[in-house]
Amino acid sequence: MKITLFVGVLAAWLAGSGSGWAQSKLSVIATTEDLASIAREVGGDHVTVDALARGYQDPHFVEPKPSFILRLQRADLLIVVGRELEVGWLPPLVQQSRNAKIQPGAPGYLDASAGSRILDIPQGQITRAMGDVHPLGNPHYWLDPENGKAIARSIAAKLAQFRPSEKAYYDQRVADFSNRLDEASKRWMAAMAPFKGVKVVTYHRSYPNFTERFGLDVIGYVEPRPGIPPSPGHTLDLIQEIKRQQVKIIIMEPYFDKKTPNSIAQQTGATVVVLPPSVGGEKSITDYIGLFEHDINLLVNMLKQVGAKPGD
Ligand SMILES: [Zn+2]
């Protein structure tokens with residue numbers, strides 16, 4: 001009699017957990033705040049999401065903390081940018097977490113780059129030996145709203161793999177996020193349209209997807225190669241090129257030393273713009289759509305201020 005009752009209660013509980021929201025939330029760790037923001041958009045209140053790197057840090061070189069290992073130990077799903085962006089700091093942490101669920105190749109490990117448009121894919125020999133930190137193509141691909149939508153779709157598919165009964169919930173949230181992103185993108189494209197083809201220089205190769213989408217022409221970089229600090233010879237060449245092509249804007253990430261860009265600006269009359277490439281790059285940038293909102297506003301104001309015109 002007692003056993004029958006117990007079985008009945010168990011069956012009712014199982015039925016309830018299958019259909020409704022009786023399960024615990026999935027614990028998601030993203031390596032960056034950009035991926036974390038998109039994961040929140042997709043997972044809603046069915047997930048808890050936490051980022052490892054902060055948006056004001058260089059995502060290639062994040063100082064590992066013991067707390068990262070603790071957080072990885074408890075994760076159901078780890079989302080990485082991939083393309084070797086995190087290769088300098090993440091692999092030992094994942095290994096030391098001893099969490100079998102999130103090891104590369106396990107179901108709880110998601111490389112968000114699949115499905116995105118990846119630029120700068122090297123032709124022929126892989127160049128890491130020369131210090132290039134982009135040996136598998138450009139890993140800053142999240143800076144294009146179209147790729148943001150692709151990332152959201154990848155995350156939704158992965159979450160649905162964990163919780164098949166919640167597939168419709170995740171799909172609905174992706175559709176909603178994509179619609180909001182499309183609406184905002186139209187505004188951003190319109191705001192940038194008058195500056196199509198304006199020539200700029202960037203510090204690191206962080207913005208190729210961004211500049212391709214919004215129509216700027218990057219003619220040079222402060223770094224000689226991705227991950228290699230500025231050298232006097234390269235800086236002199238760049239100054240000549242900026243003068244020759246009358247470049248008015250030098251875009252840089254918040255986490256590099258301003259010394260060289262400022263010196264270049266001083267010698268060429270160009271203006272340095274610090275353009276956060278990530279959510280959290282500034283306190284006011286709290287989500288993925290807000291990142292573009294901030295950056296497009298900043299750029300448009302700056303382009304107007306320096307009187308940049310296409311052909312410049
Ligand atoms: Zn990079």
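Residues numbered from 1 in each chain as written. Predicted model: local features only at pLDDT ≥ 70, side-chain atom pairs only at ≥ 80, totals over all residues. Heavy atoms only, no water.

Caption draft 1: Representation of the coordination of the zinc ion in the model. Looking at the metal site, the zinc ion is ligated by H60 (NE2), H134 (NE2), H140 (NE2) and H204 (NE2), spaced 1.9 to 2.0 Å from it. For the zinc ion, the four donor atoms are set out with angles of 104 to 113° between them, so the coordination reads as tetrahedral. Donor residues for the zinc ion, ordered by position in the chain, follow H-x73-H-x5-H-x63-H. Note that H134 is positioned in the loop between β4 (109-111) and α5 (145-162) and H204 in the loop between β5 (199-202) and α7 (208-214), a separation of 70 residues in sequence. (Donors = N, O, S within 2.8 Å, 3.2 Å for Na, K, Ca; no water. Tetrahedral: all angles 85-135°; square planar, octahedral: opposite > 155°, others 65-115°. Helix = DSSP H or I, 4+ residues; strand = E, 2+ residues; numbered from the N terminus.)

Caption draft 2: Inspection of the packing of aromatic side chains at higher detail. Under the defined criterion, the tally for this structure stands at 10 aromatic pairs. A centroid spacing of 5.5 Å and a plane angle of 75° characterise the contact between Y169 and Y170, whose relative ring orientation is edge-to-face. An aromatic cluster of three or more residues is present, and its members are F177, W188, F210, F214, Y288 and F292. The ring of Y221 carries the charged tip of R205 above its face, separated from the ring centre by 3.8 Å. (Phe/Tyr/Trp six-rings, centres within 6.5 Å; stacked < 30°, edge-to-face > 60°. Lys NZ or Arg CZ within 6 Å of the ring centre and 35° of its normal.)

Caption draft 3: How the structure looks around the sheet that holds strand β7 (residues 249-252). Spatially, β6-β5-β7-β8 is the arrangement adopted by the four strands of the open sheet, whose pairing is parallel. One side of each edge strand has no neighbouring strand; the edge strands of this open sheet are β6 (217-221) and β8 (271-274). Strand after strand, the sheet turns through a mean of 35° between neighbouring axes, direction not considered. Pairing of β5 with β6, which is carried by four bridges, proceeds in the parallel orientation. What sits directly across from V201, in β6, is G220. Helix α8 (residues 232-245) contacts β5, β6 and β7 of the sheet and is inclined by roughly 150° relative to β6. Packing against the sheet, helix α10 (residues 288-305) makes contact with β7 and β8, and its axis sits at approximately 170° to β8. (Pairing = 2+ DSSP bridges. Axes fitted to C-alpha atoms, helices over the stretch in contact; angles between N-to-C directions. Contact = heavy atoms within 4.5 Å.)

Caption draft 4: Seen up close, the packing of α5 against helix α6 (residues 167-192). Packing of α5 against α6 brings their axes to within 9 Å, and their N-to-C directions diverge by 175°. The angle between α5 and α6 places the two elements in the roughly antiparallel class. Here P145, E146, G148, K149, A152, R153, A156, L159 and A160 of α5 lie close against α6, whose contacting residues are K167, Y170, D171, V174, F177, S178, L181, D182, S185 and W188. Partitioning the contact of α5 with α6 into residue classes produces 10 nonpolar, three polar and six charged. (Parallel < 35°, antiparallel > 145°, perpendicular 65-115°, else oblique. Nonpolar A, V, L, I, M, F, W, Y, C, P; charged D, E, K, R; others polar.)

These figures come from the coordinates and say nothing about function on their own.
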